[in-house]
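Architecture and fold: a report
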Amino acid sequence: MNKDNILITIKSFTSIEQALDYFEIGFDSQFINANRLQLVKRFNGYLLLEKPKDWFAARRALKNAYCRVQRSQLDKTTRQACRGCTSCQRR
């Protein structure tokens, strides 16, 4: 899949859940409902910073957005691990 096709596919999504399913990323629906806007903004921001060249680059942008939103909610004063983040590689 080339760059233009992946961008067209991403634009066709009507919800973030569709994107998560398309990129085969597991997710917690309660987390998505609580943080939908922040997750969409972060994902779109990553896509603006670097246009994905293929499916893997777009998936990486979505995984990074999901993980970043989840880690932003952890307590900064403790050394908590990212829990329940199904896409996190930093465990």
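Refer to the preceding data block for the structure.
Turning our attention to helix α1 (residues 3–12). Every buried residue of α1 is accounted for by Ile-6, Thr-9 and Ile-10. Angularly, the buried residues of α1 cover 100° about the axis, an arc narrow enough to put them on a single face. For α1, the exposed residues lying more than 90 degrees away from the buried face are Asp-4, Ile-8 and Lys-11. Residues of α1 that are buried sit in contact with α2 (16–22), α3 (29–49) and α4 (55–72).

All right, on to α3 then. The largest bend along α3 measures about 80° and falls at Asn-35. Among all positions in α3, only Phe-31, Ile-32, Asn-35, Leu-39, Phe-43 and Leu-47 are buried. Here the buried face of α3 lies against α1, α2 and α4.

The next thing to look at is the pattern of salt bridges. Taken as a whole and assessed by the stated rule, the structure comprises 1 salt bridge. Glu-17 is paired through a salt bridge with Arg-36; the nearest N and O atoms lie 2.9 Å apart. Here Glu-17 is found in helix α2, whereas its partner Arg-36 is found in helix α3, with 19 residues between them in sequence.

We now examine the packing of aromatic side chains. Taken as a whole, this structure holds 6 aromatic pairs when the rule is applied. Centre to centre, the rings of Phe-13 and Phe-23 are 6.4 Å apart; their planes meet at 80°, and the pair counts as edge-to-face. Pair noted here: Phe-13 is in the loop between α1 and α2 and Phe-23 is in the loop between α2 and α3, with a separation of 10 residues, a long-range link. Plain terms: the ring middles of Phe-23 and Trp-55 are 5.8 Å apart, the flat faces sit at 45° to each other, and that makes the pair tilted. Taken together, the positions of Phe-23 in the loop between α2 and α3 and Trp-55 in helix α4 put the pair 32 residues apart, joining distant regions of the chain. Of the two residues, Phe-23 and Trp-55, neither departs from the other in class, the shared state being buried.

Rules behind the numbers
Residues numbered from 1 in each chain as written. Predicted model: local features only at pLDDT ≥ 70, side-chain atom pairs only at ≥ 80, totals over all residues. Heavy atoms only, no water. Buried < 20%, exposed > 50% of the residue type's maximum accessible area, 1.4 Å probe, protein only. Helix = DSSP H or I, 4+ residues; strand = E, 2+ residues; numbered from the N terminus. Arc of directions from axis to C-beta. Contact = heavy atoms within 4.5 Å. Bend = angle between axes of the 7 residues up to and from the residue. Salt bridge = Lys/Arg side-chain N within 4 Å of Asp/Glu carboxyl O. Phe/Tyr/Trp six-rings, centres within 6.5 Å; stacked < 30°, edge-to-face > 60°.

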